[in-house]
Amino acid sequence: MGRPLYSGSNQLIPMDLNSGNAGLWYDKLCDNWDNKFENIVGRRSPEGGKIEWIQKIPINYFKEDSFKDFIIRQFQLIQNCNGECMHFKLTSDFVTGLGREHPVENGFAWHHTLGSPYLPGSSVKGMVRAWASQWTDDETKDTDQIDRIFGKQDKVGTVIFMDALPISKVSLKADIMTPHYSPYYQSSLEDIGKNPPADWYSPTPIPFLVVAKGATFQFGIVPRNQGCEQCKMDCQTAKKWLTEALQWIGAGAKTAVGYGRFEPDLESENHLKLKIEKEKQLKEEEQKTQQALQGKSEIAKELIEQSINNKWEKDKDLFLKDEVVIHWFDKLESNPQPDAIGVFSKFITLHLKDQLKLYNNDKKSKIKPRQLNIIDRFLKLQCFIKK
């Protein structure tokens, strides 16, 4: 038994589903074939080859580095396009791409580049349209609105549906379906009368791969024309339908027997928004730092970087510690660069403004000795620069 590769290459490619695209491994590199590559056989039993291969997929498959940037970029893209980005958590197992060809008879939809389970945007659109067309109240149903949002054969819709992808660890597992009337289903129209759907057939166990409940997926919809107010309103309508469809009819395959049900996950959605906002603030702070460092002396650059990293502007007690303020007095007195002294002076005047006012009004006796010493050294630095 081996993988369907050129002779000798099996020894060069290790079987490691954790280091690569799991979808590529699952679809193309099955190693449970017999020697003629005609049937999948098991190592423990000849009939168990399919279930053994499915169980080789990692139980908890998720590559955080690959997903983190993609999920954030998709979220930002949707927001920048005036769309709606939503998170939904699975309340039941989920299967996608069941009708795709695969040696185990039932396929699975893997994202081509990320190697993760996903629901194509076309499938999301079809599910939402089915809900709007077949499940909404006939009295309130607006067929013109449905055609406008989803489009017709000769016209595109006003709303674009994005691929739905998991945002966190995905647990994959093997499930089993047992059709009882296999000969009936496999009969041609001419022979269907010879194999009626009767109860004397033996059930046929067929394994397939599913995403276990509990995973959170990111869904997105955007207006096709960002400047169109009607398109934005249609996005809100599509968002409502999407939420209802995921809760009531489900997404993916086997929804008639309870698979693919979702519920809104506002906690995850808010967490991602805060994370993106925090990263945005850090990026802005980094840009400000780079702008502040342009054209500065080396000692001024060091001073600015320390002040930003240690938040001297907000933390008065930290700045006035001896290892900070006295250290920088010694350093600036030995190398009095005007730009560095200017930066340092800003923090002295900020945190000792009341003491400086007393000093200027000849009320030095009301200033603590240590603070008075700091002010004296500060004023000497100013005088030195003026020279």
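(A) Quick peek at the overall build of the protein. Counting its secondary structure elements, the protein contains 14 helices and ten strands. Looking at the protein residue by residue over its 387 residues, the buried ones come to 42%. Pairs at least 24 residues apart make up 71% of the contacts formed inside the protein by residues separated by at least 6 positions. Looking at the protein as shown, the accessible area adds up to about 22,500 Å², and 50% of this sits on carbon and sulfur atoms.

(B) Inspection of the packing of aromatic side chains at higher detail. Inspection of every chain in the model, using the stated rule, returns 18 aromatic pairs. Ring centres of Phe150 and Phe161 lie 5.8 Å apart, and the angle between their planes is 5 degrees; on these two criteria the pair is classed as stacked. Residue Phe150 is located in helix α5 (residues 143-150), and its partner Phe161 is located in strand β5 (residues 159-161); the two are separated by eleven residues in the primary sequence. When its relative accessible area of 3% is taken as the criterion, Phe150 is described as buried. An aromatic cluster is defined as three or more aromatic residues linked by ring pairs; in this entry it consists of Phe88, Phe94, Phe217, Phe219 and Phe262. Taking NZ or CZ as reference, Lys331 lies 5.1 Å from the ring centre of Trp328, over its face.

(C) Just the environment of Asp142, in detail. Note on placement: Asp142 falls in the loop between α4 (121-135) and α5. Classification of Asp142 by relative accessible area gives partly exposed; the value is 34%. Separated by ten residues in the primary sequence, Asp142 and Ala132 have C-alpha atoms spaced 9.0 Å apart.

(D) Spotlight on the pattern of salt bridges. Under the defined criterion, the tally for this structure stands at twelve salt bridges. Residues participating in the shared-partner salt-bridge network are Asp330, Glu333 and Arg377.

(E) Molecular detail of the nonpolar core. Judged by nonpolar contacts, the single largest core of 43 residues is most densely connected at Tyr26, Val124, Met127, Phe219, Leu242 and Phe262. The greatest single-element share of this core, amounting to six residues, is contributed by helix α7 (residues 229-248). The contact partners of Met127, leaving out residues within four places of it in the chain, are Leu242, Ala245, Leu246, Ile249, Gly250 and Ala251. Ranked by size, the runner-up nonpolar core spans 28 residues in total, among them Trp312, Phe319, Leu352 and Tyr359.

(F) Up close: a positive patch on the surface. Judged by side-chain charge, Lys316, Lys353, Lys357 and Lys368 come together as a positively charged surface patch. Within the fold, Lys353 resides in helix α13 (residues 353-360).

(G) Representation of the pairing of strand β9 (residues 216-223) in the model. Of all the eight residues making up β9, eight are buried; the element is thus mostly covered by neighbouring parts of the structure. Alternating positions in β9 separate into two faces, Thr216, Gln218, Gly220 and Val222 on one and Phe217, Phe219, Ile221 and Pro223 on the other, with burial throughout. Sheet topology note: the strand β2 (residues 84-90)/β9 ladder contains six bridges and is antiparallel. Paired with Met86 across the two strands is Phe219, which belongs to β9. Relative to β9, β5 runs antiparallel, the two sharing three bridges. For Val159, the partnering residue across the bridge sits in β9 and is Pro223.

(H) Representation of the environment of Arg370 within the structure. Considering the arrangement of structural elements, one finds Arg370 in helix α14 (residues 369-386). You can call Arg370 partly exposed: its relative accessible area is 36%. Those residues in contact with Arg370, other than ones at most four positions away along the chain, are Leu320, Lys321, Asp322 and Val325. Looking at Arg370, its side chain comes within polar contact range of the side chain of Asp322, at 2.6 Å.

(I) Structural detail: the state of the cysteines. Evaluated as defined, the whole model comprises zero disulfides. Cys235 provides the cysteine sulfur closest to Cys81, a residue in no disulfide bond, and the two sulfurs are 9.8 Å apart. Here Cys235 stays unpaired: no disulfide links it, and the sulfur of Cys231, its closest cysteine neighbor, is 7.7 Å away. Assessed through its relative accessible area of 1%, Cys235 is described here as buried.

(J) Layout of the environment of Ala292. With respect to the helices, strands and loops of the structure, Ala292 is situated in helix α8 (residues 266-293). Linking Ala292 and Ile304, residues twelve residues apart in sequence, is a C-alpha distance of 7.7 Å.

(K) Just unusual backbone geometry, in detail. Of note in this structure, Asn82 is not a glycine but carries a positive phi near 60 degrees. Inspection of the secondary structure assignment puts Asn82 in the loop between α3 (64-80) and β2. With phi around 60 degrees, Lys254 is a residue other than glycine that occupies positive phi space. Topologically, Lys254 is positioned in the loop between α7 and β10 (262-264).

(L) Up close: α8. Here α8 spans 41 Å end to end across 28 residues, near enough to the 40 Å set by a 1.5 Å rise per residue. For α8, the set of buried residues is Ser268, Glu269, Leu272, Ile276, Thr289 and Leu293. Positive backbone phi, at 75 degrees, marks Gly295, one or two positions downstream of α8.

(M) Fine view of the side chain of Ser307. Note on placement: Ser307 falls in helix α9 (residues 298-309). Given the relative accessible area of 8%, Ser307 is considered buried. Polar contacts involving the side chain of Ser307 include one to the main-chain carbonyl oxygen of Ile304, which spans 2.6 Å. Contact partners of Ser307, with chain neighbours within four places excluded, come to Trp312 and Phe347.

Reading the values: the criteria
- The written sequence of each chain sets the order in which its residues are numbered from 1.
- Only residues with pLDDT of at least 70 get local features here, since the model is predicted, and only at 80 or more are side-chain atom pairs given and counted; chain-wide, interface and lining totals rely on the full set of residues.
- Side-chain metrics in this entry use all non-hydrogen atoms of the structure; hydrogen atoms and water are not considered.
- Here a helix means four or more residues in a row that DSSP labels H or I, a strand means two or more in a row labelled E, and each is numbered from the N terminus.
- A simple rule labels every residue: compare its accessible area, found with a 1.4 Å probe on the protein chains alone, to the largest value its type can have, and call it buried under 20%, exposed over 50%, or partly exposed in between.
- Here a residue-residue contact requires only that any non-hydrogen atoms of the pair lie within 4.5 Å.
- Methods summary: accessible areas were calculated by the Shrake-Rupley approach with a probe of 1.4 Å, and residue burial reflects only the protein chains presented.
- Here a Phe, Tyr or Trp ring, Trp counted by its six-membered ring, pairs with any other such ring whose centre lies within 6.5 Å, and the pair is stacked when the planes are under 30 degrees apart, edge-to-face when over 60, and tilted otherwise.
- For a ring to carry a charge above it, either NZ of a lysine or CZ of an arginine must fall within 6 Å of the ring centroid while also lying within 35 degrees of the normal to the ring plane.
- Salt-bridge detection follows one rule: a side-chain nitrogen of Lys or Arg within 4 Å of a carboxyl oxygen of Asp or Glu.
- Buried Ala, Val, Leu, Ile, Met, Phe, Trp, Tyr and Cys residues that are joined via side-chain atoms within 4.5 Å together make up what is termed a nonpolar core.
- Each patch is built from residues lacking any salt bridge and having more than 30% relative accessible area; the joining distance is 9 Å for like charges and 5 Å for nonpolar side chains (Val, Leu, Ile, Met, Phe, Trp, Tyr).
- His is not counted here, nor are the chain ends, while Lys and Arg score as positive and Asp and Glu score as negative.
- Just so you know, the charge point we use is NZ for Lys, CZ for Arg, CG for Asp and CD for Glu.
- Strand pairing follows a simple DSSP-based rule, namely that at least 2 bridges must link the two strands.
- Here a polar contact is recorded for every N or O atom pair within 3.5 Å, except that within protein the pair must consist of a potential hydrogen donor and a potential acceptor, and residues adjacent in sequence are included only if both atoms are side-chain atoms.
- Pairs of cysteine sulfur atoms within 2.5 Å are identified as disulfides in what follows.
- Expected span of a helix, by definition, is 1.5 Å for each gap between consecutive residues, and there is one gap fewer than residues.

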